Amino acid sequence: MKIAFSPCPNDTFVFHAWAHNLIPGAPELEVTYADIDITNNWASGKNPTDHDVLKISYAALPWVLDEYALIPCGGALGRGCGPLLLTNGSSWDPSVNSADPTFLSGRKVAVPSERSTAYLLFRLWAAQNVPGGFGEIIVMPFDRIMPAVRDGEVDAGLVIHEARFTYPSYGLKLMTDLGSWWESDTGLPIPLGAIIARRSLDLDQITAWTRASVEYAWAHLEASREYVLSHAQEMDVEVVDAHISLYVNSFTGDLGDDGFAAVSALLTRAADEGLVPRIDPAKLR
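Here the structure is a predicted model, which is why all the values come from computation and not from measurement. What you see as residue numbers is a count from 1 along each chain, following the sequence as written. Two thresholds apply to this predicted model, a pLDDT of at least 70 for residue-level local features and 80 or more for giving and counting side-chain atom pairs, whereas whole-chain, interface and lining totals are computed over all residues. Values shown for side chains rest on all heavy atoms present in the structure; no hydrogens or waters enter the calculation.

S.K.: Break down the environment of Ser113 for me, citing the residues and quoting the values.
M.R.: Locating Ser113 in the fold gives a position in the loop between β6 (109–111) and α3 (117–129). Note on classification: 1.4 Å probe, protein chains only; a residue is buried when its accessible area is under 20% of the maximum for its type, exposed when over 50%, partly exposed between these limits. A relative accessible area of 1% places Ser113 in the buried class. Along the sequence, Ser113 and Ile137 sit 24 residues apart, while their C-alpha atoms lie 9.8 Å from each other. If we skip the residues at most four places from it in the chain, Ser113 touches Asp37, Asn40, Tyr119 and Val139. Working definition: helices are DSSP H or I runs of at least four residues, strands are E runs of at least two. Numbering for both runs from the N terminus. The contact rule is simple, with two residues in contact once any of their heavy atoms fall within 4.5 Å.

See below:
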């Protein structure tokens, strides 16, 4: 079975057991490690793929639900784990209040994918907070965004994953935590990354294998360490552990009613703003 997910610690932690043939009855996996922008485009058909299972952004679901189904476990959804909007404090004009969102009017902003949840949250937040709108959106791999902000290639950057823990080391400053904004605005957790599988497959079985891999990871915390560290962009063990504890949580084991409500709310709001195609909520379950 062909699967594609990112080399980030939460994904390698979750799929370690299945990728290493530790789940009884599960088929052997052929793993492709890819940035989320790549998997979003693969799943949506912009760059066709033959992968059976993929990790994508929840924001990309409206383009894929005809061919792929949402697997209710294995993904990233939670509280206190949203994307951050960062800027380079040293480049701010001291004559203006640079923490004010209006700073972004007409500016260049780097994002990890135009179909990422991070970008969708940013667009929803900006619609309320940035009069006149921002300037140019530049898509780049998430690990390049902080250096680009630091070096002045862009004015601000939207970051995900372990950047939440490491951005101060780049001399960057937090403009807003989009996850905190979403939670305070909706009371719901933040839908980040989804696991999807082709509808032609046995979805109940794929769900069972995915959940078994998650449960194995929790029951054998040290078993995946070498595998996780070998793929991590950030090699510091403490950062990797913090990343896993934040992004692998109860919603990873089972989305549940709160998880589905969060996904539905995000995609409904985005459709209301004309940012994504409107979906049939029945296709989420």
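Let us keep going from here.
S.K.: For helix α2 (residues 36–44), give the residues involved together with the corresponding values.
M.R.: Here α2 lies mainly inside the structure; 8 of its 9 residues are buried. Those residues of α2 that fall on the buried side of the exposure criterion are Ile36, Asp37, Thr39, Asn40, Asn41, Trp42, Ala43 and Ser44. Of the surrounding secondary structure, the elements contacted by the buried residues of α2 are β1 (2–5), β2 (30–33), β3 (53–57), β4 (68–78), β7 (137–139) and β10 (190–198). A 3.5 Å cut-off defines polar contacts: any pair of N or O atoms within that distance qualifies, except that in protein one atom must be a possible hydrogen donor and the other a possible acceptor, and neighbouring residues in sequence count only when both atoms are side-chain atoms. Taking the backbone nitrogen of Asp37 as reference, a side-chain oxygen 3.0 Å away marks Asp35 as the first, capping residue of α2.

S.K.: Tell me about the pairing of strand β8 (residues 156–159), and please be specific about residues and values.
M.R.: Here β8 shows no split at all, with Ala156 and Leu158 on one side and Gly157 and Val159 on the other all buried. Strand pairing is assigned whenever DSSP detects at least two bridges linking the two strands. Looking at chain direction, β6 and β8 are connected through 2 bridges and run parallel. Of the residues in β8, the one forming a bridge with Val109 is Ala156.

S.K.: How would you summarise the packing of aromatic side chains if you had to cite specific residues and measurements?
M.R.: Each Phe, Tyr or Trp ring, with Trp reduced to its six-membered ring, pairs with another whose centre is within 6.5 Å; inter-plane angles below 30 degrees give stacked pairs, above 60 give edge-to-face pairs, and intermediate values give tilted ones. Summed over all chains, the structure comprises 5 aromatic pairs. Seen from their ring centres, Phe5 and Phe15 are 4.9 Å apart, and the 15° between their planes marks the pair as stacked. Here Phe5 is found in strand β1, whereas its partner Phe15 is found in helix α1 (residues 9–19), with 10 residues between them in sequence. Just as Phe5 is buried, Phe15 falls in that class too. Ring centres 6.5 Å apart and planes at 40° place the aromatic pair Phe15 and Trp18 in the tilted group. Here Phe15 pairs with Trp18, and both are found in helix α1, just 3 residues apart, close to one helical turn. For the pair Phe15 and Trp18, one class covers both residues: buried.

S.K.: Outline the nonpolar core, listing residues and values.
M.R.: We call a set of buried Ala, Val, Leu, Ile, Met, Phe, Trp, Tyr and Cys residues a nonpolar core when their side-chain atoms join them within 4.5 Å. Counting residues in each nonpolar core, the largest one holds 61 residues, and the members touching the most others are Ile56, Leu61, Leu85, Leu104, Val109, Phe122 and Trp125. Considering each element in turn, this core owes the most residues, 8 residues, to α3. If we skip the residues at most four places from it in the chain, Ile56 touches Ile36, Thr39, Asn40, Ala43, Leu61, Val64, Leu192, Gly193, Ala194 and Ile196. Residues Phe5, Cys73, Ala217 and Leu229 belong to the second largest nonpolar core, which totals 26 residues.

S.K.: Please give an account of unusual backbone geometry that cites residues and values.
M.R.: Unlike most non-glycine residues, Asn21 shows phi in positive territory, near 60°. The residue Asn21 is located in the loop between α1 and β2 in this model.

S.K.: Describe the side chain of Thr39, with residues and values.
M.R.: As for its position among the elements, Thr39 is in helix α2. You can call Thr39 buried: its relative accessible area is 1%. Within the local environment of Thr39, its side chain forms a polar contact with the backbone oxygen of Ile36, the two atoms lying 3.1 Å apart. Once residues lying within four places of it in the same chain are set aside, the contact partners of Thr39 are Ala4, Ala34, Leu54, Lys55 and Ile56.

S.K.: Pulling in residues and values, what's your account of the confidence of the model for the protein chain?
M.R.: Residue-level confidence of the predictor, termed pLDDT, takes values from 0 up to 100. Summing up the model confidence of the protein chain, the mean pLDDT is 89 and the portion of residues at 70 or higher is 94%. For the protein chain, per-element mean pLDDT is lowest for helix α5 (residues 163–166), which scores 81, and highest for helix α7 (residues 203–219), which scores 98.

S.K.: Summarise the packing of helix α6 (residues 178–186) against helix α11 (residues 256–272); cite the residues concerned and give the values.
M.R.: Interaxial distance between α6 and α11 falls to 12 Å at its minimum, and their mutual angle equals 100°. One finds that α6 runs roughly perpendicular with respect to α11. Along the contact surface, α6 presents Trp181, Trp182, Asp185 and Thr186, while α11 presents Ala262, Ala265, Leu266 and Arg269. Polarity classes work like this: nonpolar for Ala, Val, Leu, Ile, Met, Phe, Trp, Tyr, Cys and Pro, charged for Asp, Glu, Lys and Arg, and polar for all others, with Gly in that last group. Counted by class, the contact of α6 with α11 contains 5 nonpolar, 1 polar and 2 charged residues. Here an angle of 0 to 180 degrees is reported between the N-to-C directions of two axes, which are lines fitted to C-alpha atoms, with helices fitted over the stretch in contact. An angle counts as roughly parallel when it lies under 35 degrees, as roughly antiparallel when it exceeds 145, as roughly perpendicular when it falls between 65 and 115, and as oblique in every other case.

S.K.: Which residues make up the sheet that holds β10, and what values go with them?
M.R.: Across the sheet, which stays open at both edges, the 5 strands sit in the order β2-β1-β3-β10-β4 with mixed pairing between neighbours. Both outer strands of the open sheet, β2 and β4, are each paired with one neighbouring strand and no more. Neighbour-to-neighbour, the strand axes of this sheet turn through a mean angle of 25°, independent of strand direction. Sheet topology note: the β1/β3 ladder contains 2 bridges and is parallel. Note on β3: the bridge partner recorded for Ile3 is Val53.

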